[in-house]
Amino acid sequence: MKIDLHTHSKTSSSRAFLVSDFHKKVSVALQKKLDAFVQLEHLHAADFFEFSGFLKVNYRYEKDYYLLDGLKVFVGVEVSVSEKHDIVLIGRREDIVSAAQELFQRQSGKSKETTGDYISAEELIRVCGGFELIKILAHPFRHNKTVDLSKKVTEGLDAVEINSNEISNHGEYAERERVERLADKLGVSVSGGSDAHNPARVGCVVSVFDSDCSTIGEIKEALATSRVEVYTKK
Ligand SMILES: [Fe+2]
């Protein structure tokens, strides 16, 4: 199964959601023969909850994904934490909305500019404990960050991400090498995601599982057993 585990439908979090951008992303994913992608927006994005409602009203949902022309669309939320990392959460739609509401209340809707007011990664992991969620440390080395997270946090992660923007900035070999080294150190899997904010970029980095996944539990299991390869495509 070929899945892009990190995509957006908005060119920026402050911009209003456009249905046409979402549809374009779906058609690009189908052209690139993806089996699935994860639809994410940032928790602090304008209209995050409205977009969740839009999907619910307009598309068929079965097992743990929306089905659009044979393409599986899983959903999630990308959450910034006070350690200046972003953590991607992927889950069933009702779990994502509930977890996002709880996290949003704790963040009090802080803007991206006030990162000091974000909740800590430990608090995020605590909140997530009430839900079945896949937790991925997104682009761990962006802006030359170091990863200095507590064991309580790293033990809660399912994967660390090889990210297309970091490949563009540092080259594929360097990005793979440092993320794989981190994954080994933490004892988690690697995952691949385009982090596309432009529909055309969907699928430029994908995760390939050796089996088909239809549920959050199955994706979690695939990551846990390291049956995942990360491929990049221009
Ligand atoms: Fe992202």
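Residues numbered from 1 in each chain as written. Predicted model: local features only at pLDDT ≥ 70, side-chain atom pairs only at ≥ 80, totals over all residues.

**Details of unusual backbone geometry**
Line of reasoning, step 1. With phi around 70°, Lys84 is a residue other than glycine that occupies positive phi space.
Line of reasoning, step 2. Locating Lys84 in the fold gives a position in the loop between strand S5 (71–80) and strand S6 (86–91).
Line of reasoning, step 3. If you check the backbone angles, His139 has positive phi at about 25° while not being a glycine.
Line of reasoning, step 4. Position of His139 relative to the elements: it lies in the loop between strand S7 (134–138) and helix H5 (151–154).
Line of reasoning, step 5. Assessed through the 24 C-beta atoms surrounding it within 10 Å, His139 is described here as buried. (Helix = DSSP H or I, 4+ residues; strand = E, 2+ residues; numbered from the N terminus. Buried ≥ 20, exposed ≤ 12 C-beta atoms within 10 Å, placed from the backbone.)

**Topic: the environment of Leu71**
Line of reasoning, step 1. In this structure, Leu71 sits in strand S5.
Line of reasoning, step 2. With 110 residues separating them along the chain, Leu71 and Arg181 place their C-alpha atoms 32 Å apart.
Line of reasoning, step 3. With near-sequence residues (within four places) excluded, Leu71 lies in contact with Val26, Ala29, Leu30, Leu34 and Ala36. (Contact = placed C-beta atoms within 7 Å.)

**A closer look at the nonpolar core**
Line of reasoning, step 1. Ile87, Leu89, Leu124 and Ile136 are the most contacted members of the largest nonpolar core, which totals 66 residues.
Line of reasoning, step 2. With near-sequence residues (within four places) excluded, Ile87 lies in contact with Val79, Val81, Ala121, Leu124, Lys135, Ile136, Leu137 and Ala138. (Core = buried A, V, L, I, M, F, W, Y, C linked by C-beta atoms within 7 Å.)

**Notes on the pairing of S7**
Line of reasoning, step 1. By the criterion of burial, S7 is predominantly enclosed, with five of the five residues buried.
Line of reasoning, step 2. Both S6 and S7 contribute to a ladder of five bridges, which runs antiparallel. Within S7, the residue paired with Ile87 across the bridge is Leu137.
Line of reasoning, step 3. As paired elements, S7 and strand S8 (residues 159–163) share two bridges and run parallel to each other. By the bridge assignment, Ile136 is partnered in S8 with Ala159. (Pairing = 2+ DSSP bridges.)

**Some remarks on the environment of Gln101**
Line of reasoning, step 1. Here Gln101 shows up in helix H3 (residues 93–107).
Line of reasoning, step 2. For Gln101 and Phe49, which are 52 residues apart along the polypeptide, the C-alpha to C-alpha distance reads 8.6 Å.

**Here's the deal with the packing of H3 against helix H4 (residues 121–128)**
Line of reasoning, step 1. The interhelical angle for the contact between H3 and H4, taken along N-to-C directions, is 145°, at an axis separation of 10 Å. In the packing of H3 onto H4, the handedness of the crossing is right-handed. Residues Ala99, Glu102, Leu103 and Arg106 of H3 touch H4, and the partners they reach there are Glu123, Leu124, Val127 and Cys128. (Axes fitted to C-alpha atoms, helices over the stretch in contact; angles between N-to-C directions. Left-handed = near helix turned anticlockwise from the far one by under 90°.)

**Details of the confidence of the model for the protein chain**
Line of reasoning, step 1. For the protein chain, the average pLDDT comes to 90, and 95% of its residues sit at 70 or higher.
Line of reasoning, step 2. Per-element mean pLDDT across the protein chain ranges from 80 in strand S11 (residues 228–232) up to 98 in strand S4 (residues 65–68). (pLDDT = per-residue confidence, 0-100.)

**A word on the environment of Glu122**
Line of reasoning, step 1. The topology assignment puts Glu122 in helix H4.
Line of reasoning, step 2. According to the C-beta neighbour criterion, Glu122 is partly exposed, with 17 such atoms within 10 Å.
Line of reasoning, step 3. Separated by 30 residues in sequence, Glu122 and Lys152 place their C-alpha atoms 6.6 Å apart.
Line of reasoning, step 4. With sequence-adjacent residues up to four places away left out, Glu122 is seen in contact with Ser150, Lys152 and Val153.

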